[in-house]
2 protein chains.
Amino acid sequence: MTDNSNHFEKLLIKNGLKRTGPRLQVLDILSNRDSATSQPYLEQVMGTEVDRVTLYRVLKAFEEKGIIHKVLDNHGTANYAICSGNCNANEHHDEHVHFNCNNCKKVYCLANVQIPAFKVPAGFKVENLNLIASGICAACADKD
Amino acid sequence: MTDNSNHFEKLLIKNGLKRTGPRLQVLDILSNRDSATSQPYLEQVMGTEVDRVTLYRVLKAFEEKGIIHKVLDNHGTANYAICSGNCNANEHHDEHVHFNCNNCKKVYCLANVQIPAFKVPAGFKVENLNLIASGICAACADKD
DNA sequence: TTTTTAAATGCAACTATATTGCATTTATAT
DNA sequence: ATATAAATGCAATATAGTTGCATTTAAAAA
Ligand SMILES: [Mn+2]
Ligand SMILES: [Mn+2]
Ligand SMILES: [Zn+2]
Ligand SMILES: [Zn+2]
């Protein structure tokens, strides 16, 4: 509902995706949240007008195009967040730390926190990193 | 089938768990593998003699007692590995890096690779860390 | 503007993982 | 040998995700 509508429409076109209701709705929801958004939450707020399968397909297409990235939280639930901008269909650049609050269950993209380097045993070839810190988020810590 | 049977029986007793078939079977399977073991794999090799629900309950009990630890791989699938020894019902100490091979899908405990420290934004309280590196494991890299 | 068409959606069916309640069985203590 | 709490089996249920196919629609072409 905010007026990023036009920006989102261009984003879809740029990626060769048609400008459809479900897609714009997903972009709108994701961009108006301060944390990553879980699939169940998306399914719930999108209501029954959009089919579950469509939602899954929208998310899959966005991920493939580098528009959003997926983060599995501590329970294996899929959470999605808009990519930082330099991602595309060929490569994602979202290797920042994610924080999963044990209280409110939110998943935060700590966009400024890079995953530190470490050594792996000989022979192993690392291609991707995924670091999830869990604990209490700033918002929940305040409520005391 | 190996003769850790006696050791496992003591382990169960020590944790106040009865010495039952399904439990010994799970311990036997997990201890004879070089990587973590997925729930689906366990379910498959345990066969139909043991009910699925029993397997889930065995895994849950072991995790709570600090006998095994759970690692979710890149697809959200639960994988289990025997703990290193210093874990108990009160606290787990398995904060090593895990490696998920994109080829053979195995999840390795890199027991000697600690998760390096990093800073989080003010207000966030980190309690647990989970770092999964993915790529090609040593065994798969050899087959070329 | 109308027509065309590939892309996107909806719907139904299905698979897989995981949990809960309750009846029955069994490992262990007495 | 018996008692009992713990463990298991079974049926039902919940939730996440996928696939095939018919229908609709956004966008390009005429
Ligand atoms: Mn992120
Ligand atoms: Mn491990
Ligand atoms: Zn929180
Ligand atoms: Zn491998």
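This is a predicted model, so every value here is computed, not measured. (Residues numbered from 1 in each chain as written. Chains lettered and ligands numbered in written order. Predicted model: local features only at pLDDT ≥ 70, side-chain atom pairs only at ≥ 80, totals over all residues. Heavy atoms only, no water.)

Looking only at helices and strands, chain A features five helices and six strands. Traced from its N-terminal end to its C-terminal end, chain A shows the element sequence α-α-β-α-α-β-β-β-β-β-α. When the backbone C-alpha atoms are referred to their principal axes, chain A occupies close to 45 × 45 × 25 Å. For chain A, buried positions account for 42% of its 144 residues. (Helix = DSSP H or I, 4+ residues; strand = E, 2+ residues; numbered from the N terminus. Buried < 20%, exposed > 50% of the residue type's maximum accessible area, 1.4 Å probe, protein only.)

Those protein atoms acting as donors to the manganese ion (ligand 1) are A:H69 (NE2), A:H96 (NE2), A:H98 (NE2) and A:C109 (SG), and they sit at 2.0 to 2.3 Å. Written as a sequence motif, the donor arrangement for the manganese ion (ligand 1) is H-x26-H-x1-H-x10-C. (Donors = N, O, S within 2.8 Å, 3.2 Å for Na, K, Ca; no water.)

All right, on to the packing of helix α1 (residues 5-14) of chain B against helix α2 (residues 21-31) of chain B then. All names here are of chain B. Taken N-terminus to C-terminus, the directions of α1 and α2 make an angle of 120 degrees; their axes are 10 Å apart at the nearest point. Considering their axes alone, α1 and α2 lie oblique with respect to each other. When the axes of α1 and α2 are compared, the crossing they make is right-handed. For the pair α1 and α2, the contacting residues are S5, F8, E9, L11 and L12 in the first and R23, L24, L27, D28 and S31 in the second. Taken together, the residues of the contact of α1 with α2 break down into five nonpolar, two polar and three charged. (Axes fitted to C-alpha atoms, helices over the stretch in contact; angles between N-to-C directions. Parallel < 35°, antiparallel > 145°, perpendicular 65-115°, else oblique. Left-handed = near helix turned anticlockwise from the far one by under 90°. Contact = heavy atoms within 4.5 Å. Nonpolar A, V, L, I, M, F, W, Y, C, P; charged D, E, K, R; others polar.)

Moving on, we get to the coordination of the zinc ion (ligand 4). Residues and elements named next belong to chain B. At this site the zinc ion (ligand 4) is bound by C101 (SG), C104 (SG), C137 (SG) and C140 (SG), with donor distances of 2.2 to 2.4 Å. Of note is the zinc ion (ligand 4), whose four donor atoms meet at the metal with angles of 104 to 115 degrees in an arrangement that counts as tetrahedral. Read from N- to C-terminus, the donor residues coordinating the zinc ion (ligand 4) fall into the pattern C-x2-C-x32-C-x2-C. Of this pair, C104 sits in the loop between β4 (96-101) and β5 (107-114) while C137 sits in the loop between β6 (125-136) and α5 (138-142), placing them 33 residues apart in sequence. The exposure class assigned to C104 is partly exposed, which follows from its relative accessible area of 31%. (Tetrahedral: all angles 85-135°; square planar, octahedral: opposite > 155°, others 65-115°.)

Right, let's get into the pairing of strand β3 (residues 78-82) of chain A. All names here are of chain A. With four of five residues buried, β3 is to be regarded as a mostly interior element. Pairing geometry for strand β1 (residues 37-38) and β3, over two bridges, is antiparallel. The partner of T37 across the bridge, within β3, is Y80. Note: strand β2 (residues 68-72) against β3, five bridges, orientation antiparallel. Bridge pairing links K70 to Y80 in β3. The turn linking β2 back onto β3 is made up of five residues, and G76 within it adopts a positive phi angle of 85 degrees. (Pairing = 2+ DSSP bridges.)

In this section: the protein's contact with DNA strand D. Neighbouring DNA strand D are 21 residues; A:R19, A:R52, B:T20, B:R23 and B:T54 lie closest to it. Considering the 4 Å shell around the protein, atoms of DNA strand D inside it are sugar or phosphate in 60% of instances. A distance of 2.5 Å separates a base nitrogen of DNA strand D from a polar atom in the side chain of A:R52. Side-chain polar atom of A:Y56 to a phosphate oxygen of DNA strand D: 3.3 Å apart, as the coordinates give it. Of all the secondary structure elements, the ones that give two or more residues to the surface near DNA strand D are α3 (39-46) and α4 (52-65) of chain A together with α2 and α4 (52-65) of chain B. Residue composition of the surface near DNA strand D, by class: nine nonpolar, three polar and nine charged. (Near = heavy atom within 4 Å. Polar contact = N/O pair within 3.5 Å; in protein donor to acceptor, adjacent residues only side chain to side chain.)

Turning our attention to the relation of the copies chain A and chain B. Mapping chain A onto chain B calls for a rotation angle of 180 degrees and an axial translation of 0.0 Å; the resulting RMSD is 0.1 Å. Taken together, the turn and the small shift mark the pair as related by a two-fold rotation axis. When the interface residues of chain A are mapped onto chain B, 100% of them again fall at the interface, so both copies present the same face. (Least-squares fit on C-alpha atoms with pLDDT ≥ 70 in both.)

Here the focus is the sheet that holds strand β5 (residues 107-114) of chain A. Within the open sheet, the six strands sit side by side as β5(A)-β4(A)-β6(A)-β6(B)-β4(B)-β5(B). Their pairing is mixed. Looking at which strands have only one partner, the edges of the open sheet turn out to be β5 of chain A together with β5 of chain B. Between one strand axis and the next, the sheet turns by 30 degrees as a mean value, whatever way the strands run. In this sheet, β6(B) lies alongside strand β6 (residues 125-136) of chain A in antiparallel orientation, the contact comprising eleven bridges. Within β6(B), the residue paired with A:V126 across the bridge is B:G135.

By themselves, these observations are geometric and do not establish any function.
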